[in-house]
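Structural overview
One letter stands for each residue in the lines below.
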Amino acid sequence: MQNSMHADYTPVTQHRLLGELLVERQLVSTGDVQKALSFQAQFGGRIGSVLVRLGALSEDSLVPVLSEQLDIPMLAGDEWPAGGEGVRSTLSDAGCSLDWWLDNGIVAWQVEEKGVLAVARDPLDPSVNEALDKAFGQTWAWRLARSQETERLIDMVGNSRSRGDMGLDDDVSHLRELAEEAPVIELVNNILAQAMDQRASDIHIEPEEAVFNVRMRTDGILHTRMVLPASRYPAVASRVKLISGMDIAERRLPQDGRLSVRVSGQEVDVRASAVPAVHGESIVLRLLPKERKDLSLEGLGFSPPDLALFRTWVAEPHGVILVTGPTGSGKSTTLYATLEEMNQRDRKIITVEDPVEYEVDGVTQIQANSDIGYTFARALRAILRQDPDVIMIGEIRDLETAEIAVQSSLTGHLVLSTLHTNDAVSAFTRLVDMGVEPFLIATSVRAVQAQRLVRRLCPHCCRPTVVLPVFEQMAGSLVDEGSEANWKEAVGCPRCQGTGYRGRLGIYELVDVTPELQELVIAGATAEKMRGLVNAQGGRTLRDDGLLKARAGLTTVEEVVRVTGGMTADE
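Nothing here was measured: the structure is a model prediction, and the numbers come from that model.

Here's the deal with the pairing of strand β15 (residues 445–457)
A large share of β15 lies buried, amounting to 10 of its 13 residues. Note: strand β10 (residues 319–324) against β15, 5 bridges, orientation parallel. Directly across from T324, in β15, lies its bridge partner A450. Relative to strand β18 (residues 501–512), β15 runs antiparallel, the two sharing 10 bridges. Counterpart to R452 in the pairing with β18 is I507.

Next up, the structure:
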């Protein structure tokens with residue numbers, strides 16, 4: 001994080017304290033500021049940098065407040081130098097060697113009609129200001145820049161190590177030193193904080209030949225957030241591997257790691273994965289906030305009739321309830337929200353998961369570990385002796401787990417679990433394919449729910465639109481005649497990072513296992529025949545539910561088509 005000030009800057013003491021401003025804007029708490037002051041007294045550093053390093057807030061939240069406090073403009077996009085040559089020329093003509101400027105973390109360049117602009121790692125250092133005054137007189141001014149922006153400028157100007165010069169990174173001690181450098185620590189912390197501020201679920205750090213990209217998955221879509229020189233990748237990768245418990249020296253085999261960290265004022269569990277690729281290791285970080293304030297069934301996107309039906313299912317004393325869908329469709333979130341609602345302390349609830357993603361107070365959560373033979377099936381056999389009322393299985397992956405789930409339901413337990421299938425009725429054929437007897441499936445499975453996630457329209461910038469008649473007709477057939485349509489389209493604004501969407505909601509297909517459906521399952525009917533029966537009994541498909549939500553102005557037709565597939569929004 002870079003503090004900044006003008007060459008003719010008046011003393012900071014005349015300005016309000018940074019901690020006061022941050023507390024006033026509810027970006028940090030008073031306790032955060034006190035911790036930062038204690039850290040500063042012991043180890044030094046600027047208070048803003050300390051707050052970022054302690055995980056109290058992100059640099060993206062800090063820099064605008066600093067800009068206001070110090071009355072210094074942030075570095076604008078049109079002020080960036082076109083390339084390294086102009087910066088090198090400005091610094092080389094300033095009376096000191098280029099190496100001296102870069103070693104001190106200072107970059108300056110000429111901007112037409114604005115004079116010389118400068119950024120530095122520590123612009124409040126008096127010696128830095130004296131050097132710039134001596135070199136440029138009164139014709140220069142500071143700009144406030146984020147850490148990664150300053151480092152990008154320094155790398156661009158220094159034209160530092162090419163990939164061919166990176167042999168010394170093979171030295172493990174050198175890698176560890178890189179990982180412990182303050183700029184690297186701040187960069188990794190800021191990547192995590194930026195991801196939390198933007199509600200990202202995953203961070204992808206992907207090396208290429210000359211650069212490495214930092215992409216973040218927000219609302220299910222990947223967005224590039226940083227492009228940094230490849231020379232900085234070994235330090236960033238080493239830092240991530242160090243804090244997540246991986247072996248820094250091992251770069252030939254896949255590794256997994258975990259860490260708990262405080263980011264932007266929130267406690268977060270991070271699952272890390274490193275996989276060797278052509279230009280280095282591809283690193284992915286899955287962010288799992290420990291506190292989920294929005295974890296309730298009402299907030300998931302159920303329509304009122306579907307929510308009432310789902311609650312009827314989970315109120316049953318026994319049976320298997322399956323939630324199906326591909327990876328990333330929100331199955332685990334649905335189950336956790338269900339557990340939160342069921343957890344009234346009058347029933348024993350036990351989960352078997354791999355891994356445990358969120359901790360739920362009052363629920364016994366078990367972490368399976370196949371590496372030591374502690375599989376789902378083995379854990380399930382053990383917990384049946386724990387007198388459970390409700391059992392949640394993270395995923396039914398094999399025949400043994402499926403059979404224990406079915407037997408548990410038949411002996412008086414309510415079992416919640418997930419399956420990877422494309423729609424609800426495919427769950428029955430999937431269990432048969434695993435080897436479960438059809439009559440056991442028919443008698444134990446109470447209900448199946450398929451789901452997907454669509455992006456929710458940003459309420460600040462969406463606007464009314466007209467859709468093709470085919471969609472109007474499809475959605476109109478699902479509602480009462482005369483009900484008003486509210487179709488909208490995505491636009492994009494600063495609050496949604498220009499995407500037009502903010503947040504996600506579920507679209508659902510709920511299948512109640514009726515006696516007629518039980519007969520088809522026992523008879524070994526195809527998924528198509530079962531689907532026909534469900535439709536004849538008034539069941540809605542995923543697309544039906546999605547179009548109803550688009551008609552209500554919650555999402556767009558394009559989103560529903562993107563997620564459910566099979567047709568285009570303009571056909």
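Here we look at the environment of A550
Along the chain, A550 turns up in helix α21 (residues 542–551). The buried category is assigned to A550, whose relative accessible area is 1%. Along the chain, A550 and R456 lie 94 residues apart, while their C-alpha atoms are 9.4 Å from each other. Sequence-distant contacts of A550, defined by excluding residues within four places in its chain, comprise N486, W487, K488, T555, T556, V557 and V560.

With respect to the packing of helix α8 (residues 147–158) against helix α10 (residues 182–197)
Where α8 contacts α10, the axes come no closer than 9 Å and their chain directions differ by 130 degrees. Relative to α10, α8 is oriented oblique. Note on element contacts: α10 touches α8 through P183, E186, L187, N190 and Q194, opposite S147, Q148 and E151. Its residues assigned to classes, the contact of α8 with α10 comprises 2 nonpolar, 4 polar and 2 charged.

Looking at the UniProt feature "domain: Bacterial type II secretion system protein E" (unreviewed entry) in the chain
Look at the UniProt record and you will see "domain: Bacterial type II secretion system protein E" (unreviewed entry) annotated at residues 384–398. Secondary structure within residues 384–398 divides into 0% helix and 27% strand; the distance between the first and last C-alpha atoms comes to 18 Å.

A short note on the packing of aromatic side chains
All told, the structure shown has 9 aromatic pairs when counted by the stated rule. Their ring planes at 80 degrees and their centres at 5.1 Å tell us that W100 and W101 sit as a pair that is edge-to-face. Connected via pairs of aromatic rings, a cluster forms that spans F302, F310, W313 and Y508.

Quick look at the nonpolar core
By size, the foremost hydrophobic cluster in this structure holds 48 residues, and its most contacted members are L322, I396, F428, L431, V445, L517 and M530. With 5 residues, the top contributor of residues to this core is helix α14 (residues 376–383). Setting aside chain neighbours within four positions, we find F428 in contact with I441, V445, V448, V513, L517, V521 and M530. Ranked by size, the runner-up nonpolar core spans 45 residues in total, among them L66, V87, L91 and V116.

A short note on the domain arrangement of the chain
With domains assigned, the chain is organised as domain 1 (18–159), domain 2 (168–289) and domain 3 (297–453 + 504–538). If you average the C-alpha positions of domain 2 and of domain 3, the two centres end up 34 Å apart. Between domain 2 and domain 3, the residue contacts involve 6 residues of the former and 6 residues of the latter. The tally of links from domain 2 across to domain 3 stands at 0 residue pairs in polar contact (both at pLDDT 80 or more).

Focus: the pattern of salt bridges
Considering all chains together, one arrives at 31 salt bridges under this definition. Between E281 and K241 there is a salt bridge, with the nearest N and O atoms lying 2.9 Å from each other. Within this pair, whereas E281 is found in strand β9 (residues 280–289), its partner K241 is found in helix α11 (residues 233–243), the two being separated by 40 residues in sequence. Residue R311 pairs with E341 through a salt bridge whose shortest N-O separation is 2.7 Å. Highlighted residues: R311 in helix α12 (residues 304–314) and E341 in helix α13 (residues 331–342), separated in sequence by 30 residues.

About the cut-offs
- Residues numbered from 1 in each chain as written.
- Predicted model: local features only at pLDDT ≥ 70, side-chain atom pairs only at ≥ 80, totals over all residues.
- Heavy atoms only, no water.
- Buried < 20%, exposed > 50% of the residue type's maximum accessible area, 1.4 Å probe, protein only.
- Helix = DSSP H or I, 4+ residues; strand = E, 2+ residues; numbered from the N terminus.
- Pairing = 2+ DSSP bridges.
- Contact = heavy atoms within 4.5 Å.
- Axes fitted to C-alpha atoms, helices over the stretch in contact; angles between N-to-C directions.
- Parallel < 35°, antiparallel > 145°, perpendicular 65-115°, else oblique.
- Nonpolar A, V, L, I, M, F, W, Y, C, P; charged D, E, K, R; others polar.
- UniProt positions renumbered as here; feature names shortened; annotations may be inferred.
- Phe/Tyr/Trp six-rings, centres within 6.5 Å; stacked < 30°, edge-to-face > 60°.
- Core = buried A, V, L, I, M, F, W, Y, C linked by side-chain atoms within 4.5 Å.
- Domains from an automatic or database assignment.
- Polar contact = N/O pair within 3.5 Å; in protein donor to acceptor, adjacent residues only side chain to side chain.
- Salt bridge = Lys/Arg side-chain N within 4 Å of Asp/Glu carboxyl O.

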